[in-house]
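Here's the letter readout for the chains.
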Amino acid sequence: MITKEMSIGEIVEQCPPAAEVFKSFGIKNVGRVIAQYDTLEQCAGDLHIDLDDLLCELSMAATNYEHEEASKCSCGCGGHGHHHEHGHCEGHSHEHGHCHTH
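Since the structure is predicted, the reported quantities are computational estimates derived from the model, not experimental observations.

> Please clarify how the environment of Leu40 should be interpreted in this entry.
Secondary-structure assignment places Leu40 in helix α4 (residues 40-46). By relative accessible area, which is 0% here, Leu40 ends up buried. Between the C-alpha atoms of Leu40 and Lys4, which are 36 residues apart in sequence, the distance is 5.0 Å. Aside from chain neighbours lying at most four places away, what touches Leu40 is Ile2, Thr3, Lys4, Met6, Ile8, Ile11, Phe22, Leu51, Leu54, Leu55 and Leu58.

> Honestly, the environment of Ala19 in this entry has me stumped. Any pointers?
Tracing the backbone through its elements, the reader meets Ala19 in helix α2 (residues 18-24). Distance in space between the C-alpha atoms of Ala19 and Leu58 is 9.2 Å, their sequence separation being 39 residues. What Ala19 contacts, discounting residues up to four positions off in sequence, is Val12 and Val30.

> Where do I start with the nonpolar core in this structure?
Nonpolar side chains tend toward joint burial in soluble globular proteins. Residues Ile2, Ile8, Ile11, Phe22, Leu40, Leu54 and Leu58 are the most contacted members of the largest nonpolar core, which totals 24 residues. Of all elements in the fold, only α1 (8-14), α2, α3 (30-36), α4 and α5 (51-71) reach the threshold of two or more residues within this core. Among the elements that make up this core, the one with the highest residue count is α5 (6 residues). Each residue touching Ile11, except ones within four places of it in the same chain, is listed here: Ile2, Met6, Ala18, Phe22, Leu40 and Leu58.

Reading the values: the criteria
Residues numbered from 1 in each chain as written. Predicted model: local features only at pLDDT ≥ 70, side-chain atom pairs only at ≥ 80, totals over all residues. Heavy atoms only, no water. Helix = DSSP H or I, 4+ residues; strand = E, 2+ residues; numbered from the N terminus. Buried < 20%, exposed > 50% of the residue type's maximum accessible area, 1.4 Å probe, protein only. Contact = heavy atoms within 4.5 Å. Core = buried A, V, L, I, M, F, W, Y, C linked by side-chain atoms within 4.5 Å.

Following this line, the structure appears as structure tokens:
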């Protein structure tokens, strides 16, 4: 969960897609912002960005990222926890969302 007390660096580290959210709010150089502000709240206030809107967008990005990461197939085939078709991930079967080697 992303909070206003978190640093920009923490947010981007936990959720790499957050960098794109910052860019969409006009924060182009995330690296400089990481060094400049201790908290998300300070950053939003100084840059006149609506903190609630920013938190909402960051939370959605984090939720999507966490869901995608959790659903990835652990066999390394690049699947996302669903049935594999078109011949990739050969030699594996997917049961109950997990990839098992035959």
